[in-house]
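Summary of the model geometry
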Amino acid sequence: MNTSTNSAASASSRISSMFRFVLPAAIVGMLAACVSVPLPPEPPAPAISVPRPAVPTAPDDGGPLPPALQQGKARWQPVRWSELPGFSGDALHEAWNAWIRSCERPPPPHAALCPEVRRLSIATPEEQRAWMMRRLQPYRIEPLQGGGEGLLTGYYEPMLEGSRAPTATQQVPLYRPPADLATRRPWYSRQEIDTLPQARAALRGREIVYVADPLDALSLQIQGSGRVRVTEADGRVTTVRLAYAGSNEHAYRSVGGWLLQQGLLRDASWPGIKAWARANPQRMQEMLWSNPRVVFFREEPLSDLDAAFGPRGAQGVALTPGRSIAVDKESVPYGTPVWLSSPGPVLPLNRLVIAQDTGSAIVGAVRADYFVGWGPEAGEIAGRLKQPLAMWVLWPK
């Protein structure tokens with residue numbers, strides 16, 4: 001997760017086929033039923049207009065709306081369900097896995113709904129939609145001060161190759177927290193770690209794995225966790241997760257921002273940064289030192305079940321690709337279902353997600369970091385995702 005923008009890391013500043021958005025099978029079937037009428041004799045009949053499936057009507061639809069609410073830096077403005085873009089077309093069952101995960105550690109306002117959420121895991125999308133409309137009230141999130149467009153970014157879990165000992169190609173260490181991390185605040189900066197003998201001595205023996213590319217190591221620190229395919233000393237290959245375990249408590253600085261300030265780059269996406277670094281290896285160290293923040297990790301085993309989900313977010317539950325977001329926790333409480341709408345251009349979205357993470361760079365009422373998943377394709381999407389956003393919380397009635 002993105003420590004620059006998020007946080008299972010809460011730490012720093014924090015896909016495949018699942019992102020092919022298609023109509024749920026149940027809705028496709030309803031559409032097919034609408035057009036399966038006998039063909040008329042010649043001449044052909046005019047084209048038939050096929051109606052969209054109706055959204056189930058909530059019992060109080062059309063009644064008075066509740067008052068607006070204030071939550072941290074946000075105003076929650078009550079709205080009708082009809083105002084949620086694309087609400088009738090989302091594959092809600094994909095979000096239900098994330099919702100059930102949140103029910104492992106539900107916040108008080110949502111805990112009473114969890115038995116029903118679990119029962120509805122095998123319901124149809126129409127039944128899930130109708131239940132949501134009965135039990136929840138949508139509120140559009142607005143900044144208290146007004147103005148300002150919402151922002152959607154993305155984060156992911158990098159997948160790296162590593163070894164337990166340095167090799168000819170893998171010489172960049174990823175560390176456990178140093179023993180004196182709690183007593184020295186802030187701890188040594190990135191440049192000091194690379195140059196001061198006392199900093200290097202404090203980290204000796206704290207190495208977890210070594211990787212080949214310092215930018216990959218930086219990416220894992222920015223995201224806050226990642227998966228590493230490790231070659232063990234006896235030649236066995238295992239896959240582990242490196243999870244956030246602390247930082248040197250220096251402020252995060254974007255290397256992309258540094259490149260822009262230096263006039264060295266116009267495309268400050270992660271793919272653009274990597275392309276610049278390949279073309280300018282002599283300035284790589286200078287670029288890395290522009291971000292003084294260093295993240296430390298703990299190693300976790302990765303079972304088959306764990307591998308099907310992301311790392312644990314700030315709520316304490318495993319993240320679900322495409323259905324978990326990091327939010328400003330002062331404006332949106334953990335465990336809250338959120339309707340998210342963004343027009344693109346990288347990833348057009350109208351879907352149900354769950355607020356399960358946060359990060360020091362996720363600041364503001366209409367702000368979300370979208371957990372894309374893991375691996376190179378997820379990284380490509382997350383690295384380019386920066387687009388307008390509208391959000392609605394779905395709050396228990």
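Our structure's up above, just so we're on the same page.
Below is a short write-up of the structure. Owing to the predicted nature of the structure, the values given are computational and were not obtained by experimental measurement. (Residues numbered from 1 in each chain as written. Predicted model: local features only at pLDDT ≥ 70, side-chain atom pairs only at ≥ 80, totals over all residues. Heavy atoms only, no water.)

Right, let's get into the overall build of the chain. If you tally the helices and strands in the chain, you get 13 helices and 15 strands. Residues counted as buried form 51% of the 397 residues belonging to the chain. By element, 55% of the accessible surface of the chain is carried by carbon and sulfur atoms, the whole surface being about 18,200 Å². (Helix = DSSP H or I, 4+ residues; strand = E, 2+ residues; numbered from the N terminus. Buried < 20%, exposed > 50% of the residue type's maximum accessible area, 1.4 Å probe, protein only. Areas by Shrake-Rupley, 256 points an atom, 1.4 Å probe, with all protein chains shown as cover.)

The topology assignment puts Arg190 in helix α6 (residues 190-195). One buried charge, Arg190, has no salt-bridge partner; the nearest side chain with opposite charge is Asp194, at 6.3 Å. When near neighbours in sequence (up to four residues on either side) are disregarded, Arg190 contacts Leu218, Gln221, Asn248, Leu288, Trp289, Asn291, Pro292, Arg293 and Val294. (Lys, Arg positive; Asp, Glu negative; His and termini not counted. Salt bridge = Lys/Arg side-chain N within 4 Å of Asp/Glu carboxyl O. Contact = heavy atoms within 4.5 Å.)

On to the pairing of strand β15 (residues 386-396), then. A large share of β15 lies buried, amounting to eight of its eleven residues. Where strand β3 (residues 136-143) lies against β15, five bridges are found, and the strand directions are antiparallel. If you follow Gln137 over to β15, its bridge partner there is Trp395. Relative to β15, strand β4 (residues 150-157) runs antiparallel, the two sharing four bridges. Bridged to Thr153 within β15 is Lys386. By the bridge criterion, four bridges tie strand β12 (residues 337-342) to β15 in an arrangement that is antiparallel. Its bridge partner lying in β15, Leu340 is registered against Met391. (Pairing = 2+ DSSP bridges.)

What follows concerns the nonpolar core. Grouped together as the largest cluster of nonpolar side chains are 28 residues, with contacts concentrated most on Ile141, Ile325, Tyr370 and Met391. Top element by residues in this core is β15. It accounts for four residues. Ignoring sequence-local partners within four residues, the contact set of Met391 consists of Tyr139, Arg140, Ile141, Ile325, Val327, Val332, Val338, Trp339, Ala365, Val366, Arg367 and Ala368. Core analysis: the second largest hydrophobic core is formed by 24 residues, Leu84, Ala98, Leu120 and Met132 among them. (Core = buried A, V, L, I, M, F, W, Y, C linked by side-chain atoms within 4.5 Å.)

Side chains of strand β11 (residues 324-327) alternate between two faces, with Ser324 and Ala326 and Ile325 and Val327 buried alike. In the sheet, β11 pairs with strand β14 (residues 367-374) via three bridges, with the strands oriented antiparallel. Paired with Val327 across the strands is Ala368, a residue of β14.

Moving on: the packing of aromatic side chains. Here the structure, examined in full by the defined rule, presents ten aromatic pairs. Joined through ring pairs, the aromatic side chains of Trp76, Tyr139 and Trp395 make up one cluster. Residue placement shows Arg129 over the ring face of Phe87; its charged tip is 5.9 Å from the ring centre. (Phe/Tyr/Trp six-rings, centres within 6.5 Å; stacked < 30°, edge-to-face > 60°. Lys NZ or Arg CZ within 6 Å of the ring centre and 35° of its normal.)

Running from amino to carboxyl end, helix α8 (residues 214-223) crosses helix α10 (residues 270-279) at an angle of 155°, the nearest separation of the two axes being 11 Å. One element, α8, and the other, α10, form an angle in the roughly antiparallel class. Considering the relative orientation of α8 and α10, their crossing is right-handed. Contact residues: α8 offers Leu215, Asp216, Leu218, Ser219 and Ile222, while α10 offers Trp270, Ile273, Lys274 and Ala277. A per-class count over the contact of α8 with α10 returns six nonpolar, one polar and two charged. (Axes fitted to C-alpha atoms, helices over the stretch in contact; angles between N-to-C directions. Parallel < 35°, antiparallel > 145°, perpendicular 65-115°, else oblique. Left-handed = near helix turned anticlockwise from the far one by under 90°. Nonpolar A, V, L, I, M, F, W, Y, C, P; charged D, E, K, R; others polar.)

Moving on, we come to the packing of helix α2 (residues 92-102) against helix α5 (residues 125-135). At a minimum axis separation of 9 Å, α2 and α5 run at an interaxial angle of 60°. On the basis of the axis angle, α2 is oblique to α5. The segment α2 lies against α5, with Leu92, His93, Trp96 and Trp99 engaging Pro125, Gln128, Arg129, Trp131 and Met132. A class-by-class count of the residues in the contact of α2 with α5 yields six nonpolar, two polar and one charged.

What follows concerns the pattern of salt bridges. Once the charged atoms of two side chains with opposite charge are near each other, the side chains can pair. Within this structure, the stated rule accounts for 21 salt bridges. A salt bridge links Arg227 to Glu157; the nearest nitrogen and oxygen atoms lie 2.9 Å apart. Separated by 70 residues along the polypeptide, Arg227 in strand β8 (residues 226-231) and Glu157 in strand β4 bring together distant segments of the chain. A residue is classified by how much of its surface remains accessible, and Glu157, at 0% relative accessible area, is buried. For the salt bridge of Arg298 with Glu300, the shortest nitrogen-to-oxygen distance reads 3.0 Å. Since its relative accessible area comes to 40%, Arg298 is described here as partly exposed. Here the salt bridges share partners, and the residues they tie into one network are Arg75, Glu83, Arg140 and Glu142.

This part is about the state of the cysteines. With the rule as written, the count across this model stands at one disulfide. A sulfur-sulfur separation of 2.1 Å characterises the disulfide bridge that pairs Cys103 with Cys114. In this structure the cystine formed by Cys103 and Cys114 twists about its S-S bond by roughly -90°; its chirality is therefore left-handed. Remark: Cys114 occurs in helix α4 (residues 114-119) and Cys103 occurs in the loop between α2 and α3 (108-111); sequence separation between them is eleven residues. Taken as a pair, Cys103 and Cys114 share a single burial class, namely buried. (Disulfide = S-S within 2.5 Å.)

Fair warning: the whole summary comes from geometry, so function is off the table for now.
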